[in-house]
Amino acid sequence: MTLLILRRLGAAVGMIFAVSILAFLILSSGNDDLARNILGEAATPQAVDDLTRELGLDKPLIAQFLPWLGDLARGDLGRSYLSQQPVVDVVGERLPVTFSLMALTIVVVAFASTGLAILAATRRGAVDRVIQAGSIVAHAIPNYLVAMLLASWLAVGLQLFPAAGFVPLTVSPFAWGASLALPVVSLALAGVAASAQQARGALVDVLASDYIRTLRSRGISQRSLLWRHAMRNASPAWLTTLSLQLIGLIGGSFMIEKVFGMEGLGSMAVNATLSGDRPVLMGIVILTTVFVATVNLLVDLALAWAIPKARVS
């Protein structure tokens, strides 16, 4: 297990390095207009040249990247071109919004998909058909459309939930949950549908296998049969799909934040892209890459716990 963790941490560091190079190259392609975008069209050529030299944008690309990479190794993401605040502080102000949305969505996707898969695989018949049909429909509807429908119906029409904004958990746990209810449902719906379908298929195959029938004939309780044997052996397919869904939530969360007027990393990424604030964008890219690497590591650990053979492979 320790070797697995070390290998995955090494792969994560390599992925962060590769993504950093690629993102830096892409974001540096607009350096020529960056100073003018910051100062505005009315800025004089001299002012643009001075700001270009001040930001170090006149240096060769490798001379810009290496110092940034050295600062990254020390946990320093630089300063925003616009606000001159440390990127760590700028991102940290918005992180609680996106983190709250992502964390609650992950919990909902994991538990709801597991419950629906077990219900469909064990009950079969009409229950199974209804869950499968609902999963297909839920997976086909874009999450931003679900968000707008829910906001129009439950927030604006019935006024059961806030239509926009975010309330920190430290201010009011109830208001925090209410402000996240509709965004979480909008973001989680497609993930629940896809994960439940995959988990249901894997669970049906395992429950129909010979060793499960043998265990059932020996008097093993249905609960023990399901949780100790069937679920563990069906978990690889479900966990793999779940990890892909969780990674896909990143892009979806940015759109959902926009619909519900939540000032998270999504709106920050859009504003930084329009203004050319490369340090902020690089900070968001690094944070996103760390999230992806963390999800992959946790899935690998879960697979190693559920399937002993996975520890060897």
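In what follows, the accompanying structure is described. Owing to the predicted nature of the structure, the values given are computational and were not obtained by experimental measurement. (Residues numbered from 1 in each chain as written. Predicted model: local features only at pLDDT ≥ 70, side-chain atom pairs only at ≥ 80, totals over all residues. Heavy atoms only, no water.)

Let us look at the overall build of the chain. Regarding its fold elements, the chain presents 13 helices and 0 strands. When the helices and strands of the chain are placed in sequence order, the string is α-α-α-α-α-α-α-α-α-α-α-α-α. Over its C-alpha atoms, taken along the principal directions, the chain stretches across nearly 85 × 55 × 35 Å. In the chain, which comprises 313 residues, the proportion classed as buried is 41%. Across the chain, contacts joining residues at least 24 apart in sequence account for 73% of those joining residues at least 6 apart. On the chain, roughly 16700 Å² of surface is accessible, and the fraction owed to carbon and sulfur atoms is 67%. Once the 22 positive and 18 negative side-chain charges of the chain are each reduced to a mean point, those two points are 22 Å apart. (Helix = DSSP H or I, 4+ residues; strand = E, 2+ residues; numbered from the N terminus. Buried < 20%, exposed > 50% of the residue type's maximum accessible area, 1.4 Å probe, protein only. Contact = heavy atoms within 4.5 Å. Areas by Shrake-Rupley, 256 points an atom, 1.4 Å probe, with all protein chains shown as cover. Lys, Arg positive; Asp, Glu negative; His and termini not counted. Charge placed at Lys NZ, Arg CZ, Asp CG, Glu CD.)

Let us look at the nonpolar core. Ranked by internal contacts, the top residues of the largest apolar core, which has 33 residues, are Leu 180, Leu 182, Leu 242 and Phe 260. Broken down by secondary-structure element, the contributors of at least two residues to this core are helix 5 (87-123), helix 7 (143-157), helix 8 (173-207), helix 10 (222-259) and helix 12 (278-306). It is helix 8 that provides the largest number of residues to this core, a total of 8 residues. Sequence-distant contacts of Phe 260, that is, excluding residues within four places in its chain, are made with Ala 147, Ala 151, Ala 163, Ala 164, Gly 165, Leu 182, Pro 183 and Ser 186. Core analysis: the next-biggest nonpolar cluster, separate from the first, contains 19 residues, Trp 68, Ala 269, Ala 272 and Ile 286 among them. (Core = buried A, V, L, I, M, F, W, Y, C linked by side-chain atoms within 4.5 Å.)

Direction vectors running N to C along helix 8 and helix 10 enclose 155°, while the axes themselves pass 8 Å from each other. As summarised for this structure, helix 8 and helix 10 are arranged roughly antiparallel, according to the angle between their axes. Note that helix 8 runs across helix 10; the crossing there is right-handed. (Axes fitted to C-alpha atoms, helices over the stretch in contact; angles between N-to-C directions. Parallel < 35°, antiparallel > 145°, perpendicular 65-115°, else oblique. Left-handed = near helix turned anticlockwise from the far one by under 90°.)

The next thing to look at is empty space enclosed by the protein. Counted by the stated rule, this structure contains 2 cavities of 30 Å³ or more. Its boundaries defined by the atoms lining it, the largest cavity holds a volume of some 60 Å³. As for the largest cavity, its lining consists of Thr 114, Ala 117, Ile 118, Ala 199, Leu 203, Met 231, Ala 234, Ser 235 and Trp 238. At the level of secondary structure, the elements contributing two or more residues to the lining of the largest cavity comprise helix 5, helix 8 and helix 10. Ranked by residue count, the leading element in the lining of the largest cavity is helix 10, at 4 residues. For the lining of the largest cavity, the per-class residue count stands at 7 nonpolar, 2 polar and no charged. Size it by volume and the second largest cavity reaches roughly 30 Å³. Taken together, Leu 116, Ala 117, Ala 120, Asp 128, Ile 131, Gln 132, Ser 135, Ala 196, Gln 197 and Arg 200 make up the full set of residues lining the second largest cavity. When contributions to the lining of the second largest cavity are tallied by element, the ones reaching two or more residues are helix 5, helix 6 (125-140) and helix 8. Looking at which element gives the most residues to the lining of the second largest cavity, the answer is helix 6, with 4 residues. Here the lining of the second largest cavity is composed, by residue class, of 5 nonpolar, 3 polar and 2 charged. (1 Å grid on protein atoms, 1.4 Å probe; cavity = no way out; pocket = protein on both sides within 12 Å on 5 of 7 lines; lining within 4 Å. Points joined across faces, edges and corners; volume = space filled by probe spheres on them. Nonpolar A, V, L, I, M, F, W, Y, C, P; charged D, E, K, R; others polar.)

Bringing the pattern of salt bridges into the picture now. Per the counting criterion, the structure on display carries 5 salt bridges. Notably, a salt bridge pairs Asp 50 with Arg 53, separated by 2.5 Å at the nearest N-O pair. Of this pair, Asp 50 and Arg 53 both sit in helix 3 (residues 45-54), separated by 3 residues, roughly a single helical turn. The exposure class of Asp 50 is partly exposed, given its relative accessible area of 34%. (Salt bridge = Lys/Arg side-chain N within 4 Å of Asp/Glu carboxyl O.)

Roughly 770 Å³ of internal volume is contained in the largest pocket. What lines the largest pocket is a set of 33 residues, among which Ile 106, Leu 242, Leu 246, Val 295 and Leu 298 lie closest to the centre. Sorting the residues of the lining of the largest pocket by element identifies helix 5, helix 10 and helix 12 as the ones contributing at least two each. The element contributing the most residues to the lining of the largest pocket is helix 12, with 12 residues.

Nothing here speaks to function; it is all geometry.
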